[in-house]
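Observations on chain architecture
One letter stands for each residue in the lines below.
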Amino acid sequence: MFAHMLVLGLALMAAGTVSAQAPAMAPAKPIKVVVLGDSLSAGLGLPAAAAFPARLQKALENKGIKVDMINAGVSGDTSSGGRDRLDWSVPEGTEAVIVELGANDALRGIDPNVTRSALTEILTRLKARGVAVLLCGMYAPPNYGSDYAARFNAIYPELAKSFEVPLYPFFLEGVATEAKLNQADGMHPTAEGVDMIVRNILPTVQAFLGAISGQRS
């Protein structure tokens, strides 16, 4: 009888130890991420599950990184459009924003000063809110000339340096001009193109989110 009570007592003590440790063993909360972008990240012409934010979330989860990813891409949006909807596109509690804007600015030949101003305001307002930013760069097409391209292309590295945020130099790296990775319009990636973008940007996003996880602890 005594031996039975001793075993039972030890079992209860062990259960109490496990219970006391349970909160410390709980998995970390997913990082709340918003992809603020245009049709390239919104997934124009693709099912929602094939869009960049969904595919990036899956790739991160395959690496054991839990994220709560919001697709805040709006087809046709310029940098100014992204700025104008910033407050409702990036809800309270957001910890990180991937900014993918500027392709439509370049396609329309918008003054690079206007693009720079809009992106500057986006970065300023997110920084004031304590939201981490990964800036995705874009290159101007050649049809507006070398002077326009030089002014436009310089925006992203200069802002990344000024605001001390990580930069992924070209969002369409490995996909632009690759016919088999783009839809019939030659501009928007296919599902395979999106997967290529995700593979290329994944190390940068992992490092970005790793820094946020480090700041949490």
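Residues numbered from 1 in each chain as written. Predicted model: local features only at pLDDT ≥ 70, side-chain atom pairs only at ≥ 80, totals over all residues. Heavy atoms only, no water.

1. Some details on the overall build of the protein chain
Just so we agree on the cut-off: Starting at the N terminus, helices and strands are each numbered in turn, a helix being any DSSP run of H or I of at least four residues and a strand any DSSP run of E of at least two. Buried means the residue's accessible area, taken with a 1.4 Å probe over protein chains only, is under 20% of the maximum for its type, while exposed means over 50%, and partly exposed covers the values in between. By the convention used here, residues are in contact when the closest approach between their heavy atoms is within 4.5 Å. Here the open area of atoms and residues is found with the Shrake-Rupley method and a 1.4 Å probe, where only the protein chains shown may cover a residue.
Check the secondary structure of the protein chain and you find ten helices and five strands. Burial statistics for the protein chain: of 217 residues in total, 41% are counted as buried. Considering only intrachain contacts with a sequence separation of at least 6, the fraction spanning at least 24 residues in the protein chain is 78%. Carbon and sulfur atoms make up 61% of the accessible area of the protein chain, which totals about 11,200 Å².

2. Here's the deal with the environment of aspartate 77
Secondary-structure assignment places aspartate 77 in the loop between strand E2 (67–73) and helix H4 (79–84). Expressed as a C-alpha distance, the spacing of aspartate 77 and glycine 37, which sit 40 residues apart in the sequence, is 7.4 Å.

3. Re the nonpolar core
To be explicit about the condition: Buried Ala, Val, Leu, Ile, Met, Phe, Trp, Tyr and Cys residues that are joined via side-chain atoms within 4.5 Å together make up what is termed a nonpolar core.
Formed by 58 residues in total, the largest nonpolar core has its most connected members in Phe52, Leu56, Leu60, Ile98, Val99, Leu126 and Leu209. Top contributing element to this core by residue count: helix H10 (residues 191–216), with nine residues. Residue contacts for leucine 209: discarding those within four places in its chain leaves Ile31, Val33, Leu60, Ile65, Val67 and Ala96.

4. What to know about the layout of surface pockets
Using a probe with the size of a water molecule, rolled over the atoms, empty space left in the structure can be pinpointed. For clarity, the cut-off: Within this scheme a cavity is a closed region of a 1 Å grid, computed over the protein atoms alone, that accommodates a 1.4 Å probe without allowing it to escape, whereas a pocket is open but has protein on both sides within 12 Å along at least five of seven lines; lining residues each have an atom within 4 Å of a point. Grid points are joined across faces, edges and corners, and a volume is the space filled by probe spheres set on the points.
A volume near 420 Å³ is recorded for the largest pocket. Lining the largest pocket are 19 residues, with Leu107, Met138, Tyr139, Leu172 and Met187 sitting closest to its centre. Element by element, the count of residues in the lining of the largest pocket is highest for helix H6 (residues 103–107), at four residues. Considered as a void within the structure, the second largest pocket measures approximately 320 Å³ in volume. Surrounding the second largest pocket, 18 residues form its lining, Val131, Ala132, Val133, Phe208 and Gln215 being those nearest its centre.

5. Concerning the pairing of strand E1 (residues 31–37)
Put simply, the test is: Strands qualify as paired when DSSP identifies two bridges or more between them.
Among the seven residues that make up E1, six are buried, leaving the element largely enclosed by the rest of the structure. Pairing of E1 with strand E3 (residues 96–100), which is carried by five bridges, proceeds in the parallel orientation. Bridging from a neighbouring strand, leucine 36 pairs with valine 99 of E3.

6. Structural notes on helix H7 (residues 112–128)
Side chains that are three or four residues apart share a direction in an α-helix, a result of its 3.6 residues per turn. Defined as follows: Helices are assigned an expected span. That span is 1.5 Å times one less than the residue count. Relevant arc is that of directions from the helix axis to the C-beta atoms, nothing else. Here a polar contact is recorded for every N or O atom pair within 3.5 Å, except that within protein the pair must consist of a potential hydrogen donor and a potential acceptor, and residues adjacent in sequence are included only if both atoms are side-chain atoms.
Over its 17 residues, H7 runs 24 Å from end to end, which matches the ideal 24 Å to within 8%, given 1.5 Å per residue. Of all the residues in H7, the buried ones are Pro112, Thr115, Ala118, Leu119, Ile122, Leu123 and Leu126. End-on, the buried residues of H7 take up no more than an arc of 130°, which puts them together on one face. Here H7 starts with a cap whose side-chain oxygen sits 2.9 Å from the backbone nitrogen of asparagine 113, and that cap is aspartate 111.

7. Some points on the environment of phenylalanine 170
Locating phenylalanine 170 in the fold gives a position in the loop between strand E5 (167–168) and H10. Judged by relative accessible area, phenylalanine 170 falls into the buried class, the value being 12%. Not counting chain neighbours up to four residues away, the residues in contact with phenylalanine 170 comprise Gly137, Met138, Tyr139 and Ala176.

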